[in-house]
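Listed below are the residues making up each chain.
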Amino acid sequence: MSGKKFNIAIAGATGAVGNQMITCLEESSIPLKSVRFLASHRSAGSKLNFKGASIDVEELTENSFKGVDIALFSAGGGTSKKFAPFAANDGCVVIDNSSAWRMDPDVPLVVPEVNPHAVADYTNKGIIANPNCSTIQMVVAINPVYRKCGIRRIVVSTYQAVSGTGKKAIDELFDQTRSMINFADYEINVYPHRIAFNCLPHIDVFLENGYTKEEMKMVNETRKIFEDDSIGVTATTVRVPVFYSHSESVNIETKEHISADEVKSLLENKPGIKVVDDPANNIYPLAIDAAGQDLTLVGRIRNDESIPNGINMWIVADNIRKGAATNTVQIAEILADKYL
Ligand code: A2P
C-alpha cells in the first residue's frame, strides 16, 4: 500500500449485508481516513458501531459521495441504479452488491480468487459489480478445475438461505417456525409461500424461458467471470429454511479428464477454498460450519459415473460473507492496494 488513507462509505449499512460489510471493513487491512454509513431516511439519525466508535447513519442522497474514495453498495438494485452514477461522478469508485450493473459490458464483475485483473476496468464507469452469492461460491470452487481441464457444462442446484433476501426474511423464518411449533397461526409476507419447514423452487422472478432470474444470473455471471461464453450452465435455485450459508450440488463436465482424487488434491490449499471431504467419518461441508467464516467449503467430490469426464461436488459458503460482504471488501482491498 502507498500510505494513502481512504474515505469509505457503505450504502445500505443498516441491512443484513451492510452490517456484515461493517464487520469486514473492521477486519480489513485497508487504511481508513473515515467511514460513512448511509441508509434510507427511515434510519437517518440512528447509530452504528465501528471499531468501538458510535457513528451516525445518514440518509443516502445524490450528494453523499463528495470526498468519498470507495462506496460499498448493498441497498437494493433500484437504489444502486439511481445513486451509483452520482457517486462515480464525484470520483468515488462504487462496488455494488446488487444485480443492477453486473451484466453491463463496461462494468467488471469480480471474484478476487478468479478474475482479479478485471478490477482494472473500474475506470470505464467508476463501478465494479459483486456477483450473485450463489455464483461467487461456485466459481471459487470450480476455478482450479476450469484452469486445469476446461469446463464444457455445469449443472447446479442450490439450497439457499433466507438471509440472502435480507433482514425481513430472517425474521419471517424465525416467526413462522416459532408459530408452528406453538401450533399458532403464522403470517406469510416475504415469500409467496411459507418458508418454515418447506423448500421453494423460486428465487427472484420467473422469466419467459421458464427459469427464474436468479437461475439466469448463475448462467450469465459465470460466463462473464470466466470470460468464456462457451460454458453451458443450467441452474435450479431453491430457497430452504436455513438462516445463513448457501449449499450447492454442482456437476461439471470437464473438457479433459480429471479424477475425483485429482480434483481433491487440486483444490487443497487454493486461496479461499477448504476441502471438507471425509465421508467415512460423516465429514462434509455443512451450512452451520460455513456460517461466520470466509472460506468456501467443498466436499462430496466424486466422479460422475454416467459420463466420461464428470465430477460432482457439494459447495457451501456463508452467503452474507463470501457471497456478499467479504467479496466486496476483498475487491475494495485490491482497488486500494493496486489502483487508487
Ligand atoms: P433502511 O434500513 O433505512 O431501510 P436488507 O437487504 O437487509 O433489507 O437491507 C436493505 C438496506 O438498504 C438497508 O440498509 C436499507 O435501509 C437500505 N435501503 C433500502 N432502500 C433504500 C433507499 N431508497 N435509500 C437508501 N437506502 C435504502
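So, here's what we can say about the structure. This is a predicted model, so every value here is computed, not measured.

1. Considering the overall build of the protein chain
Across its full length, the protein chain holds eight helices and 13 strands. In terms of overall dimensions, the protein chain is globule-like: its C-alpha atoms have a radius of gyration of 20 Å, near the 20 Å expected for 340 residues. Across its three principal directions, the C-alpha atoms of the protein chain cover 60 × 55 × 40 Å. Here the protein chain holds 340 residues, and the buried ones make up 52% of them. Contacts in the protein chain between residues far apart in sequence, at least 24 positions, make up 66% of those at least 6 positions apart. Total accessible area on the protein chain is roughly 14900 Å²; 49% of this is exposed by carbon and sulfur atoms. Charge centroids of the protein chain, computed over 34 positive and 41 negative side chains, lie 3 Å from each other.

2. Quick look at the site of the ligand
Around the ligand sit 15 residues, and of these Thr14, Ala16, Ser40, Arg42 and Ser43 come closest. If the ligand stood free it would expose 570 Å²; the protein chains cover 69% of that surface. Taken together, the residues of the shell around the ligand sort by class into five nonpolar, eight polar and two charged.

3. Observations concerning the sheet that holds strand E8 (residues 151-160)
What holds strands together in a sheet is hydrogen bonding between their backbones, with the strands either parallel or antiparallel. Across the sheet, six strands lie side by side as E9-E8-E10-E13-E12-E11; this open sheet has mixed pairing. Looking along the sheet, the strands with just one partner apiece sit at the ends: strand E9 (232-239) and strand E11 (273-275). Across the sheet, the mean angle separating the axes of adjacent strands is 20° when strand polarity is ignored. In the sheet, E11 pairs with strand E12 (residues 296-303) via three bridges, with the strands oriented parallel. Counterpart to Lys274 in the pairing with E12 is Leu297. Contacts between helix H3 (residues 133-149) and the sheet are confined to E8, strand E10 (246-254), E11, E12 and strand E13 (310-317), with E10 contributing the most and set at about 30° to the helix.

4. Things to note about the nonpolar core
Membership of the largest hydrophobic core comes to 54 residues, with the highest contact counts inside it found for Ile142, Ile154, Val250, Ile252, Ile301 and Met313. Residues within four places of Val250 in sequence aside, it is in contact with Met138, Ile142, Ile154, Val155, Val156, Ile311, Asn312, Met313 and Ile315. Among the nonpolar cores identified, the runner-up in size contains 36 residues, and Ala13, Phe37, Val93 and Ile95 belong to it.

5. A closer look at the packing of aromatic side chains
Pairs of aromatic rings are described using the distance from one ring centre to the other and the angle between the two planes. The tally for this structure, following the rule as stated, stands at five aromatic pairs. With a centroid separation of 6.0 Å and an interplanar angle of 70°, the aromatic rings of Tyr122 and Tyr339 are classed as edge-to-face. Placement of Tyr122 in the loop between strand E6 (93-96) and strand E7 (127-129) and of Tyr339 in helix H8 (residues 321-339) is noted, with a sequence separation of 217 residues between them. Residue class for Tyr122 comes out buried when judged on its relative accessible area of 14%. Judged by its relative accessible area of 31%, Tyr339 falls in the partly exposed class. Between the NZ or CZ atom of Lys81 and the centre of the ring of Trp101, over which it lies, the distance is 4.2 Å.

6. Description of the pairing of E13
The buried fraction of E13 amounts to seven of the eight residues, a majority that puts the element mostly inside the structure. When E10 meets E13, the two strands line up antiparallel, connected through eight bridges. Residue pairing across strands places Asn251 opposite Asn312, the latter belonging to E13. Two strands pair when backbone bridges link them, and E12 and E13 are joined in this way by five bridges, in the antiparallel orientation. Paired with Gly299 across the bridge in E13 is Trp314. Connecting E12 to the antiparallel partner E13 that follows it, the hairpin turn spans six residues.

About the cut-offs
Residues numbered from 1 in each chain as written. Predicted model: local features only at pLDDT ≥ 70, side-chain atom pairs only at ≥ 80, totals over all residues. Heavy atoms only, no water. Helix = DSSP H or I, 4+ residues; strand = E, 2+ residues; numbered from the N terminus. Rg over C-alpha atoms; globule rule 2.2 N^0.38 Å. Buried < 20%, exposed > 50% of the residue type's maximum accessible area, 1.4 Å probe, protein only. Contact = heavy atoms within 4.5 Å. Areas by Shrake-Rupley, 256 points an atom, 1.4 Å probe, with all protein chains shown as cover. Lys, Arg positive; Asp, Glu negative; His and termini not counted. Charge placed at Lys NZ, Arg CZ, Asp CG, Glu CD. Near = heavy atom within 4 Å. Nonpolar A, V, L, I, M, F, W, Y, C, P; charged D, E, K, R; others polar. Pairing = 2+ DSSP bridges. Axes fitted to C-alpha atoms, helices over the stretch in contact; angles between N-to-C directions. Core = buried A, V, L, I, M, F, W, Y, C linked by side-chain atoms within 4.5 Å. Phe/Tyr/Trp six-rings, centres within 6.5 Å; stacked < 30°, edge-to-face > 60°. Lys NZ or Arg CZ within 6 Å of the ring centre and 35° of its normal.

These figures capture arrangement, not role.
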